[in-house]
Amino acid sequence: MKDLYDVARHLVWLTQFGLSVCVPPILFVPISVWLRKALSLGSWIVAVGVILGILGAVSSLRYSLKAIERQGREPKKKSSPPVSFNHHG
């Protein structure tokens, strides 16, 4: 049962990782094309949309990789609390 849980957890991470990297460019580029047409802006707005999409994807990639790394680390062993005044042991 633990193996199935691990597979499902990795599948969720893989899906989230793919979506977090793909969604920013998919959103920014069409929005920038629409802005260019709707507001009669130059082609520079599409370049800005592409750059923002790439920066959003890179940012999401960094965040996802850090989260995966944190989850992959072994949990820190909890040390016993320090001896207090009322508990001398």
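Owing to the predicted nature of the structure, the values given are computational and were not obtained by experimental measurement.

### Observations regarding the overall build of the chain
Okay, step 1: Helix and strand content of the chain: 2 helices and 0 strands.
Okay, step 2: Burial status across the chain gives 13% buried among its 89 residues.
Okay, step 3: For the chain, the proportion of contacts with a sequence separation of at least 24, taken over those separated by at least 6, is 62%.
Okay, step 4: Carbon together with sulfur atoms contributes 70% to the accessible area of the chain, which is approximately 7,700 Å² in total.

### Side note on a nonpolar patch on the surface
Okay, step 1: Where nonpolar side chains cluster on the molecular surface, the patch consists of F28, W44, V48, I51, L52 and L55 and spans about 570 Å² of accessible area.
Okay, step 2: Tallying contributions element by element places helix α2 (residues 44–72) first for the nonpolar patch, with 5 residues.
Okay, step 3: Along the polypeptide, F28 turns up in helix α1 (residues 2–38).

### Here's the deal with the layout of surface pockets
Okay, step 1: Put simply, the largest pocket is a space of about 160 Å³.
Okay, step 2: For the largest pocket, the full set of lining residues is R9, H10, W13, L14, I68, Q71 and G72.
Okay, step 3: Mapped by element, the contributors of at least two residues to the lining of the largest pocket are α1 and α2.
Okay, step 4: Per-element accounting of the lining of the largest pocket gives the leading share, 4 residues, to α1.
Okay, step 5: For the lining of the largest pocket, a count of residues per class yields 3 nonpolar, 3 polar and 1 charged.

Calculation notes
- Residues numbered from 1 in each chain as written.
- Predicted model: local features only at pLDDT ≥ 70, side-chain atom pairs only at ≥ 80, totals over all residues.
- Heavy atoms only, no water.
- Helix = DSSP H or I, 4+ residues; strand = E, 2+ residues; numbered from the N terminus.
- Buried < 20%, exposed > 50% of the residue type's maximum accessible area, 1.4 Å probe, protein only.
- Contact = heavy atoms within 4.5 Å.
- Areas by Shrake-Rupley, 256 points an atom, 1.4 Å probe, with all protein chains shown as cover.
- Patch = residues over 30% accessible without salt bridge, like charges linked within 9 Å, V, L, I, M, F, W, Y side chains within 5 Å.
- Salt bridge = Lys/Arg side-chain N within 4 Å of Asp/Glu carboxyl O.
- 1 Å grid on protein atoms, 1.4 Å probe; cavity = no way out; pocket = protein on both sides within 12 Å on 5 of 7 lines; lining within 4 Å.
- Points joined across faces, edges and corners; volume = space filled by probe spheres on them.
- Nonpolar A, V, L, I, M, F, W, Y, C, P; charged D, E, K, R; others polar.

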